Amino acid sequence: MLYTIVAERYAKSLFELALETGKLEQVRKDMDLMIDVCQNNADFRHMLLNPVIRPDKKIAVLDAVFAGKIEELSRQFYHLLSQQRREKFLEGIAKEFVAKYKKHHNIHVIEIRSAVALSAELREKVIDIIESRTKGTVELTEIVDKNMIGGFIVSDEGRRYDASLTTTIKKLKKEFEENLYIREL
């Protein structure tokens, strides 16, 4: 709970500052880079989480990792985080910032899970349908799930449409269990 509250507040502040200064695109790219580094480097993540390492040492490591790769605003931001001993929230703040960016630009992240990969034609058709309904841009993530028998599941920011064969079979089974043609005495 604290993690999400802190990430939300810092991301909101950084987002508003980047928007005001006209550096939103650059800062979003910086946040993508920070997310990538955090997710792909366990030692880096452990360094951020370690309370024994002093903030000035963490700042030196962050400066070495991101030197010449990020905007000055982003550099000042992680300096502020380290000075306030909030660097352990860096990945969460970066993810929340990207979510705010996507919301601001009306970009909808859609996940489609299916038994087989979608054809290019079907993929474009799904994107067109969702874009027409949401009046925004769609960022489609396709997951091939070999455990699925058939059909698909579409997830969008808290909503889910399940058209998988497994769910359809479960619904049919439930209907047959409630057989209306057997007379109860």
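Residues numbered from 1 in each chain as written. Predicted model: local features only at pLDDT ≥ 70, side-chain atom pairs only at ≥ 80, totals over all residues. Heavy atoms only, no water.

Trainee: Any chance you could explain the packing of aromatic side chains here in plain terms?
Mentor: Describing an aromatic ring pair means giving the distance of the ring centres and the angle of the ring planes. In total, this model carries five aromatic pairs according to the counting rule given. Measuring from centroid to centroid gives 6.1 Å for phenylalanine 152 and tyrosine 161, while their planes differ by 45 degrees, and the two rings are tilted. Using a relative accessible area of 32% as the deciding quantity, one classes phenylalanine 152 as partly exposed. Ring-pair connections join several aromatic residues into one group, and the members of that group are Phe44, Phe66 and Tyr78. (Phe/Tyr/Trp six-rings, centres within 6.5 Å; stacked < 30°, edge-to-face > 60°. Buried < 20%, exposed > 50% of the residue type's maximum accessible area, 1.4 Å probe, protein only.)

Trainee: Where do I start with the pattern of salt bridges in this structure?
Mentor: Side-chain pairs of opposite charge can arise where the charged atoms are in close proximity. Counting across every chain of the model gives 13 salt bridges. Close ionic contact of glutamate 139 with lysine 102 constitutes a salt bridge, the shortest N to O distance being 2.8 Å. One end of the pair, glutamate 139, is in strand E2 (residues 137-144); the other, lysine 102, is in helix H6 (residues 90-104), and 37 residues separate them in sequence. Classification of glutamate 139 as partly exposed rests on a relative accessible area of 32%. Taking the relative accessible area as the measure of exposure, lysine 102 reaches 18% and is therefore buried. For aspartate 162, the salt bridge goes to arginine 160, with nearest N and O atoms at 3.8 Å. Since its relative accessible area comes to 24%, aspartate 162 is described here as partly exposed. (Salt bridge = Lys/Arg side-chain N within 4 Å of Asp/Glu carboxyl O. Helix = DSSP H or I, 4+ residues; strand = E, 2+ residues; numbered from the N terminus.)

Trainee: It is not clear to me how the layout of surface pockets should be interpreted in this structure. Could you clarify?
Mentor: Rolled over the atoms, a probe sized like a water molecule indicates the empty space that remains. Here the largest pocket defines a volume of roughly 500 Å³. In terms of lining residues, the largest pocket is bounded by 18 residues, among which Ile129, Ile130, Arg133, Val154 and Tyr161 are the most central. Here the element with the most residues in the lining of the largest pocket is helix H7 (residues 120-134); it accounts for six residues. Among the residues making up the lining of the largest pocket, the classes are represented as ten nonpolar, four polar and four charged. (1 Å grid on protein atoms, 1.4 Å probe; cavity = no way out; pocket = protein on both sides within 12 Å on 5 of 7 lines; lining within 4 Å. Points joined across faces, edges and corners; volume = space filled by probe spheres on them. Nonpolar A, V, L, I, M, F, W, Y, C, P; charged D, E, K, R; others polar.)

Trainee: Help me understand the pairing of strand E1 (residues 107-114), please; the structure alone is not making it clear to me.
Mentor: Two faces make up the sheet, and in a regular strand the side chains alternate between them. Pairing geometry for E1 and E2, over eight bridges, is parallel. Its bridge partner being in E2, glutamate 111 is matched across the sheet by threonine 141. In terms of handedness, the path from E1 via H7 over to E2 forms a crossover that is right-handed. With five bridges connecting them, E1 and strand E3 (residues 152-156) associate as antiparallel partners. Each residue of the ladder has a partner; that of serine 114, found in E3, is phenylalanine 152. (Pairing = 2+ DSSP bridges. Right-handed = clockwise from strand over helix to strand, strands pointing away.)

Trainee: I keep staring at the side chain of serine 82 and nothing clicks. Help me out?
Mentor: Within the element layout of this structure, serine 82 appears in helix H5 (residues 72-83). Judged by relative accessible area, serine 82 falls into the buried class, the value being 0%. Non-local contacts of serine 82, meaning those with residues more than four positions away in its chain, are made with Pro55, Lys58, Ile59, Leu62 and Glu87. (Contact = heavy atoms within 4.5 Å.)

Trainee: Sorry if this is basic, but what is going on with the environment of phenylalanine 66 here?
Mentor: In this fold, phenylalanine 66 is placed in helix H4 (residues 55-66). In this structure, the C-alpha to C-alpha distance between phenylalanine 66 and aspartate 30, residues 36 residues apart in sequence, is 9.0 Å.

Trainee: Is there a simple way to think about the side chain of histidine 108 in this case?
Mentor: Position of histidine 108 among the secondary structure elements: in strand E1. Residue histidine 108 is classed as buried on the basis of its relative accessible area, which comes to 12%. There is a polar contact of 3.0 Å between the side chain of histidine 108 and the side chain of asparagine 106. Those residues within four positions of histidine 108 in sequence are excluded, and the remaining contacts are Thr134, Gly136, Thr137, Val138, Glu139, Asp156 and Glu157. (Polar contact = N/O pair within 3.5 Å; in protein donor to acceptor, adjacent residues only side chain to side chain.)

Trainee: Is there a simple way to explain the nonpolar core in this structure?
Mentor: Within soluble globular proteins, side chains that are nonpolar tend to cluster in buried spots. Counting 32 residues, the largest nonpolar core has Met31, Met34, Phe44, Phe66, Ile93 and Phe97 as its most contacted members. Taken together, the elements giving at least two residues each to this core come down to helix H1 (2-21), helix H2 (24-40), helix H3 (42-49), H4, H5 and H6. Formed by nine residues, the second largest nonpolar core is a distinct cluster that contains Ile110, Ile112, Ile127 and Val154. (Core = buried A, V, L, I, M, F, W, Y, C linked by side-chain atoms within 4.5 Å.)

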